[in-house]
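Read off the chains here:
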Amino acid sequence: MKSHVAVALPLPVSGNFTYRMEGEVPAPGTRVLVPFRRSEQVGWIVGEGDPSGLKNIRAILDVLEERPSIPSELLALARWMSEYYVAPLGITLRAMVPSVLSDGSREILRLTPRGRSADPSDPGLRGSGRLVSRARSVFAAVRDRSDPVRVSPLRKHLGLGSIWPEIRLLAETGLLEHETLRPPPPPVRTRKVVRLRRWIADLAEREEVFGRATRQQECYELLEAAGGGVELARLQGVEGFSRSVVTGLETKELVDVCDEEILRDPFHDPPPEAPPKWVLSPAQKLAVETLIASLEGPAPFLLHGVTGSGKTLVYIQVLQEVVERRGGSAIVLVPEISLTPQTVKRFRAWFGDRVAVLHSALSEGERYDQWRQIRAGEKPVVVGARSALFAPVPDLGAIVVDEEHDGSYKQSEAPRYHARDVAVVRARLAGAICVLGSATPSLESWRNAEAGKFDRLSLPVRIGGRPLPPVEVVDLRRNRSDPGAQGSGAPDPAGAGSPGDPRGSILSPRLVAAVRERLDRREQAILLLNRRGYASFIQCRACGSVTECPNCSVSLTYHRRRARLLCHHCRHEEPAPDHCPECGSGDLSYRGLGTEQVERVVAESFPGARIARMDVDTTGGKWSHHEILGRVERGEVDLLLGTQMIAKGLDFPRVTLVGVVNADVGLHLPDFRASERTFQLLSQVAGRTGRGSLGGEVIIQSSLPEHYAIQAALDHDYVGFARRELEMRRNPRYPPHVRMVNVIVSSPDPRLAADGTDGAVKWVRRTLTKARGSGPGGSGRAGAARDGELMDLPELVGPAPCPIERLHGRWRWHFFLRGGGIAVLTRLLHRFVEVYRPPSGDVRVSIDRDPVALL
Ligand code: ADP
Ligand code: ZN
Ligand code: ZN
């Protein structure tokens with residue numbers, strides 16, 4: 001029996017491909033291997049193929065699985081995503097499965113016991129003819145090699161073209177087996193780690209110990225900031241310390257170099273002891289009852305609960321109902337940085353080994369294992385970051401999206417989906433309940449709740465009736481004697497007492513006093529500054545030039561410990577200059593405060609305090625943030641300093657002070673969400689304190705204390721902020737009042753980028769004009785006003801260069817499509833990708849629907 005199937009391939013082209021299929025057609029969602037151009041591709045059968053008008057249709061090479069890797073429910077979801085986000089179906093499907101499954105080179109052959117004992121020249125294949133003689137050569141070749149044998153090199157070696165029919169015959173005869181190789185675990189079993197043996201709390205002693213051995217001191221301080229241990233390879237690699245520096249520290253008996261087993265995934269430790277027997281607060285009880293009552297007739301819920309109001313317990317109670325009493329499964333999405341031991345521990349305390357944790361540190365093989373267990377129904381609770389949404393759980397009963405406002409739910413490459421929005425769709429398709437939780441809901445969700453699309457539940461008070469912490473603001477303008485001085489001052493390598501001492505302008509006397517109080521009382525404090533590195537740019541005082549990235553139109557960030565300049569976008573790095581590359585002057589200023597500099601100032605201001613820093617630079621190792629947080633939990637850290645990484649999810653009762661070193665970072669970005677993000681960040685970080693009986697307070701430093709985002713954070717006034725911000729976005733119109741699409745055209749050649757943009761904009765403008773004119777009312781304005789469909793057309797805004805005009809060596813332009821009906825917009829975008837051809841050359845057009853970042 002011959003038939004035709006449609007196959008979706010993970011390639012940047014729209015539409016599916018038709019192939020011939022002999023024998024029984026597998027279910028849609030099944031993975032197959034197909035010839036494509038001159039190579040092979042893994043793709044998914046997505047339906048019947050249409051052979052009409054096609055010549056030379058090629059045959060499928062192999063069916064790679066017995067049971068579809070994409071169950072029908074996920075296939076329906078992928079279709080929706082592909083349509084809405086204008087991404088090829090194959091690319092969308094690939095994003096749903098572990099990467100192992102979309103790699104065609106993993107197809108291997110293994111001899112069976114029967115194959116091993118068979119006579120190589122006559123293995124007992126029945127029949128004659130071409131197929132059998134070719135199968136004999138394939139068999140002989142597999143026998144000659146030690147198994148397993150990879151299919152594609154074998155085929156090349158034999159020069160036979162496709163050998164899948166032969167493989168199938170050999171498999172049917174029982175001589176060999178075909179399978180998809182699971183990648184081996186990462187090869188390194190142990191690693192050398194440099195561990196601190198002794199902490200030198202006293203500053204005078206520190207000076208005595210290190211003297212002029214500044215590299216040793218820097219290395220020691222890095223270890224301190226990074227939680228006490230760093231891999232030797234990392235110290236010698238990116239951190240740039242020589243082996244002799246480490247040896248020097250060993251001689252001083254300050255560090256040990258140990259062979260350690262690669263840290264096992266801490267989420268695989270035995271589950272923690274049984275959960276405490278809590279009594280739900282009245283608000284929790286109401287929320288849980290409402291949610292359980294709605295399990296049958298699902299509508300999305302927005303759970304607006306202030307920080308510390310016990311949202312997690314509400315999720316857990318709902319999950320218990322779904323999993324334990326109804327035998328279903330559930331998915332809990334959290335932002336990657338909230339995937340901390342604390343969060344995971346809570347779920348594992350209730351559900352034990354039935355929890356699968358999907359996080360970014362899993363290797364390909366581990367991810368694949370988890371995926372198989374989930375699919376087999378062994379892990380009915382899945383906790384993970386964005387892509388955990390596609391976990392193939394059977395009988396999905398609930399999806400929880402915690403911190404639903406978080407920007408990391410949006411994927412920045414195709415398919416550019418927003419996991420919160422897709423969660424609502426998946427829940428609807430599966431007949432499951434969807435709960436979006438946050439202390440600071442996104443304005444999109446807030447408006448959906450106001451409009452009645454979501455049901456709103458609130459947890460207005462903290463557990464135990466604890467008050468939200470009082471927040472005060474320190475005006476940095478009044479605190480600073482020289483307004484230009486902030487963040488300047490030469491970074492002398494000795495680390496102390498530099499002439500342009502920036503201390504006073506970085507930490508106000510008020511904040512210093514508050515920190516000191518905590519240190520005296522043996523409590524803990526958190527300091528937030530959402531910018532990493534030492535200084536965000538170096539400027540020459542003589543000629544004013546700023547060192548920029550050669551690939552991106554952004555300044556390079558100075559990292560003092562590594563003595564390098566880094567681009568935070570493309571990762572370009574170069575040695576830090578000591579003279580201006582433009583004019584040769586040695587008079588450089590270091591501007592734009594970063595966490596590395598704050599760490600130094602804090603260490604100088606509070607000698608003896610145990611400080612840990614948590615940002616991208618100190619959490620390079622697989623589990624280093626777990627190490628740092630573990631130290632905070634055990635009370636081995638007095639001051640935790642970091643970027644937004646420390647603002648979420650942490651629940652430490654001994655943290656009684658949160659200080660925001662500069663609240664204005666990010667407030668002036670050219671992005672309509674800048675105020676919203678600032679408000680969210682301040683509210684989240686403020687929520688890290690006052691969680692225990694010791695109470696807590698928050699001090700925010702700002703040069704713009706009257707800004708409404710900061711004022712609202714002072715009062716914990718989400719509702720007031722939302723009202724004000726929604727008003728601000730009315731004119732000009734921005735989401736959530738309208739839908740928006742950001743179309744970005746980029747090329748390494750600035751002319752091509754501009755021409756490509758020009759062509760795209762002309763196409764869109766022409767199409768919109770035509771659509772307006774062809775409406776039933778004719779072209780006049782009155783006609784347009786009368787016709788609903790016409791009113792639904794989006795408006796074109798732009799084009800303009802992107803705020804970051806050059807990125808990764810590509811020049812970038814963009815324009816927006818704003819407003820319009822959802823379906824109209826979808827149709828227009830699909831038409832655009834099918835019809836519009838950019839000028840030839842390296843020009844990329846990407847479509848970002850409901851964008852989260854506009855830079
Ligand atoms: P949120 O996520 O809303 O910030 P959490 O879920 O972290 O709040 O809860 C705050 C703290 O209160 C946690 O330490 C949690 O274990 C505790 N908690 C939650 N519910 C209860 C309850 N009903 N009784 C006692 N403690 C609770
Ligand atoms: Zn200069
Ligand atoms: Zn760059």
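Please read these numbers as outputs of a predicted model, since none were measured by experiment.

About the cut-offs
Residues numbered from 1 in each chain as written. Chains lettered and ligands numbered in written order. Predicted model: local features only at pLDDT ≥ 70, side-chain atom pairs only at ≥ 80, totals over all residues. Heavy atoms only, no water. Helix = DSSP H or I, 4+ residues; strand = E, 2+ residues; numbered from the N terminus. Rg over C-alpha atoms; globule rule 2.2 N^0.38 Å. Buried < 20%, exposed > 50% of the residue type's maximum accessible area, 1.4 Å probe, protein only. Contact = heavy atoms within 4.5 Å. Donors = N, O, S within 2.8 Å, 3.2 Å for Na, K, Ca; no water. Tetrahedral: all angles 85-135°; square planar, octahedral: opposite > 155°, others 65-115°. Near = heavy atom within 4 Å. Polar contact = N/O pair within 3.5 Å; in protein donor to acceptor, adjacent residues only side chain to side chain. Areas by Shrake-Rupley, 256 points an atom, 1.4 Å probe, with all protein chains shown as cover. Nonpolar A, V, L, I, M, F, W, Y, C, P; charged D, E, K, R; others polar. Salt bridge = Lys/Arg side-chain N within 4 Å of Asp/Glu carboxyl O.

What follows deals with the overall build of the protein. A count of helices and strands for the protein gives 28 helices and 33 strands. Rg of the C-alpha trace for the protein: 30 Å, near the compact-globule value of 29 Å for 855 residues, within the 12% margin. Each of the three principal axes of the protein carries a C-alpha extent, and together these read 90 × 80 × 70 Å. Burial status across the protein gives 54% buried among its 855 residues. For the protein, long-range pairs separated by at least 24 residues make up 75% of all intrachain contacts whose partners lie at least 6 apart in sequence.

Turning to the coordination of the zinc ion (ligand 3), a few remarks are in order. Ligation of the zinc ion (ligand 3) by protein atoms is provided by Cys-549 (SG), Cys-552 (SG), Cys-567 (SG) and Cys-570 (SG), these donors lying 2.2 to 2.4 Å from the ion. Taken together, the four donor atoms coordinating the zinc ion (ligand 3) and their angles of 101 to 114° define a geometry best described as tetrahedral. The sequence pattern formed by the donor residues of the zinc ion (ligand 3) is C-x2-C-x14-C-x2-C. Note that Cys-552 is positioned in the loop between strand E21 (535–540) and strand E22 (557–559) and Cys-570 in the loop between strand E23 (564–566) and strand E24 (573–575), a separation of 18 residues in sequence. A relative accessible area of 1% places Cys-552 in the buried class.

Surrounding the zinc ion (ligand 2) are the protein donor atoms Cys-540 (SG), Cys-543 (SG), Cys-580 (SG) and Cys-583 (SG), which sit 2.3 to 2.4 Å from the metal. Each of the four donor atoms bound to the zinc ion (ligand 2) contributes to angles spanning 106 to 113°, and the resulting shape is tetrahedral. Binding-site remark: the zinc ion (ligand 2) is held by donors from one chain whose sequence spacing is C-x2-C-x36-C-x2-C. A relative accessible area of 5% places Cys-580 in the buried class.

Near ligand 1 you find 17 residues, and of these Trp-278, Val-279, Gly-308, Lys-311 and Asp-651 are the closest. Within the backbone of Gly-310, one N or O atom sits 3.1 Å away from an oxygen atom of ligand 1. Taking Arg-691, its side chain carries an N or O atom lying 3.1 Å from an oxygen atom of ligand 1. When isolated, ligand 1 has an accessible area of 560 Å², and the protein chains bury 81% of it. At three residues, helix H12 (residues 311–325) tops the list of elements feeding residues into the shell around ligand 1. Along the lines of polarity and charge, the residues of the shell around ligand 1 split into six nonpolar, seven polar and four charged.

On to the pattern of salt bridges, then. Tallied over the full model, the rule gives 54 salt bridges. The salt bridge involving Glu-573 is made with Arg-562; its shortest N-O contact spans 3.0 Å. A residue pair is termed long-range when its members are at least 10 positions apart, and Glu-573 in strand E24 and Arg-562 in the loop between E22 and E23 qualify at eleven residues. Since its relative accessible area comes to 15%, Arg-562 is described here as buried.

A few words now on unusual backbone geometry. Comment: phi is negative for the bulk of residues other than glycine, and the bulk of peptide bonds are trans. Cis peptide bonds are those with omega within 30 degrees of zero, and the linkage from Asn-731 to Pro-732 qualifies with -5°. When you line up the elements, Pro-732 lands in the loop between helix H24 (718–728) and strand E30 (740–747). Of note in this structure, Glu-403 is not a glycine but carries a positive phi near 50°. Here Glu-403 lies in the loop between strand E16 (396–402) and helix H15 (419–430). Although it is not a glycine, Arg-522 sits at a positive phi angle of roughly 60°. Along the chain, Arg-522 turns up in the loop between helix H19 (509–520) and strand E20 (524–528).

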